[in-house]
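Below, each chain spelled out in residue letters.
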Amino acid sequence: MEAGLQKKKLEEFSQTKPQELSLFEFLIPENKYSNSIELYDFIPKYYWGKMERLKVENHKKEVLTILERIFEYRGKQYEVRIIPATVMDENGIEKDYYPSYKEEIIEDALRKMVCDGQGIFLDDQAGITFSLYELKKELKRIGHQYNDEQIKKAFMVCSRATIEVTRKDGAKILSSHIFGAVGLQTFEEWKNKNNVKCYVQFNPLVTTSIKNKTFRQINYESTMSYKTVIARQLHKRMSHHYTQASLTNPYSILLTTIIRDFGLTRYQNLNMNLRDAKLALEEMKEKEVILEYKIEKTIEVQKRNKLIDIKFLITPHPTFSNEMRIGNSIYSKINK
């Protein structure tokens, strides 16, 4: 086994497939849907910028600080601490990594493969068995091509980075890696044998959502095709929460909420954040997720008309509204 990855063999796990996992699946040809996960998918656990590492003197090591973020979910405030993963590079230098764009894309691709019937419970935790060939084929299909080394590193980051979530009252909700376990052959075997079976055990919150049937349908093809972080995260958020989507019931969200809950950098000039949000909304219009949007600015007159916040009033596209109605029907059926 590769150093640092799970040393337990696949056959050493208790392997089951509970009914709830079957309900998570969409076993139809050319299905474009996956599922969003209650709470877990809305923790701002990814880092979107350049990672500024500090070099440790007299050591072959480059470190990152622990990220601390505040976010709100269903009206409750939480704090998340993201403890970076340490991975040794090809030059023998230990470097810290935050989970980022690549890790999110790979995890979402694996979850889609679960929806397509490859899921399994490993020691009563949701997981998946797959081959490198299958994963690379799915990533290529959705426009994300990563080489063997990039995929391996993403698995290392997901199995080592720690996510700690606490409520405002101090109650701990989660302390876990993104992947609870990862099983690969040695890297030399792995890259030379595309059909060698691998496995991943997902975060415990994924298991909880599947068991409690709190997942909701999401258009995987659209979310994976976005060029902007905001569009992908906002589409996920709307798909999970905006259950009464209609032309007469617009969706509203503040720019400061987008910045906080998506883990974005707030610029000194908020107009720069507004520019990024508008680019994302235009991209969502192209995908027929939103029909139109309006902007309401909050200005502080006493400070030379400084922009304080923006409220976006978003009218859903009929295509998105119809998807939400179908998703509501599915959710109702599985939660009878």
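In what follows, the structure referred to is the one given above.
Heads up: these notes are all about the structure in this document. (Residues numbered from 1 in each chain as written. Predicted model: local features only at pLDDT ≥ 70, side-chain atom pairs only at ≥ 80, totals over all residues. Heavy atoms only, no water.)

Ordered in space as 16-18-17, the three strands form an open sheet in which the pairing is antiparallel. The sheet is open, and its two edges are formed by strand 16 (251–254) and strand 17 (290–300), each paired on a single side. Taking each pair of neighbouring strands and ignoring which way they run, the sheet shows an average axis angle of 20°. Both strand 16 and strand 18 (residues 306–316) contribute to a ladder of four bridges, which runs antiparallel. When the bridges of strand 18 are listed, tyrosine 251 appears paired with isoleucine 314. Taken strand by strand, helix 8 (residues 229–241) contacts strand 16, strand 17 and strand 18, and its axis lies near 130° from that of strand 16. (Pairing = 2+ DSSP bridges. Helix = DSSP H or I, 4+ residues; strand = E, 2+ residues; numbered from the N terminus. Axes fitted to C-alpha atoms, helices over the stretch in contact; angles between N-to-C directions. Contact = heavy atoms within 4.5 Å.)

The next subject is the side chain of threonine 223. Among the structural elements, threonine 223 can be located in helix 7 (residues 220–225). The exposure class assigned to threonine 223 is buried, which follows from its relative accessible area of 3%. When residues no more than four places from it in sequence are discounted, the contact partners of threonine 223 are Ile218, Arg232, His235 and Lys236. (Buried < 20%, exposed > 50% of the residue type's maximum accessible area, 1.4 Å probe, protein only.)

Below, the discussion takes up the nonpolar core. Leu110, Leu135 and Phe155 are the most contacted members of the largest nonpolar core, which totals 62 residues. When residues in this core are grouped by element, the largest group, seven residues, is from helix 2 (residues 101–118). Tyr226, Tyr242, Ile253 and Met324 belong to the second largest nonpolar core, which has 28 residues in total. (Core = buried A, V, L, I, M, F, W, Y, C linked by side-chain atoms within 4.5 Å.)

Here the focus is unusual backbone geometry. One non-glycine residue, aspartate 124, lies in positive phi territory at about 70°. Its place among the elements puts aspartate 124 in the loop between strand 9 (119–122) and strand 10 (125–131). Even without being a glycine, glutamate 288 presents a positive backbone phi close to 60°.

This part covers helix 8. An ideal rise of 1.5 Å per residue puts 18 Å on 13 residues; helix 8 measures up with 18 Å between its terminal C-alpha atoms. For helix 8, the tally of buried residues reaches 11 of 13 residues, placing the bulk of the element in the interior. (Expected span 1.5 Å × (residues − 1).)

With that settled, consider the pairing of strand 9. Sheet faces and side chains relate simply in a regular strand, where the side chains alternate between the two faces. Here strand 9 shows a buried face lined by Gly119 and Phe121 and a second buried face lined by Ile120 and Leu122. For strand 1 (residues 15–16) and strand 9, the ladder comprises two bridges, and the chain directions are antiparallel. Pairing of glutamine 15 across the sheet is with leucine 122, part of strand 9.

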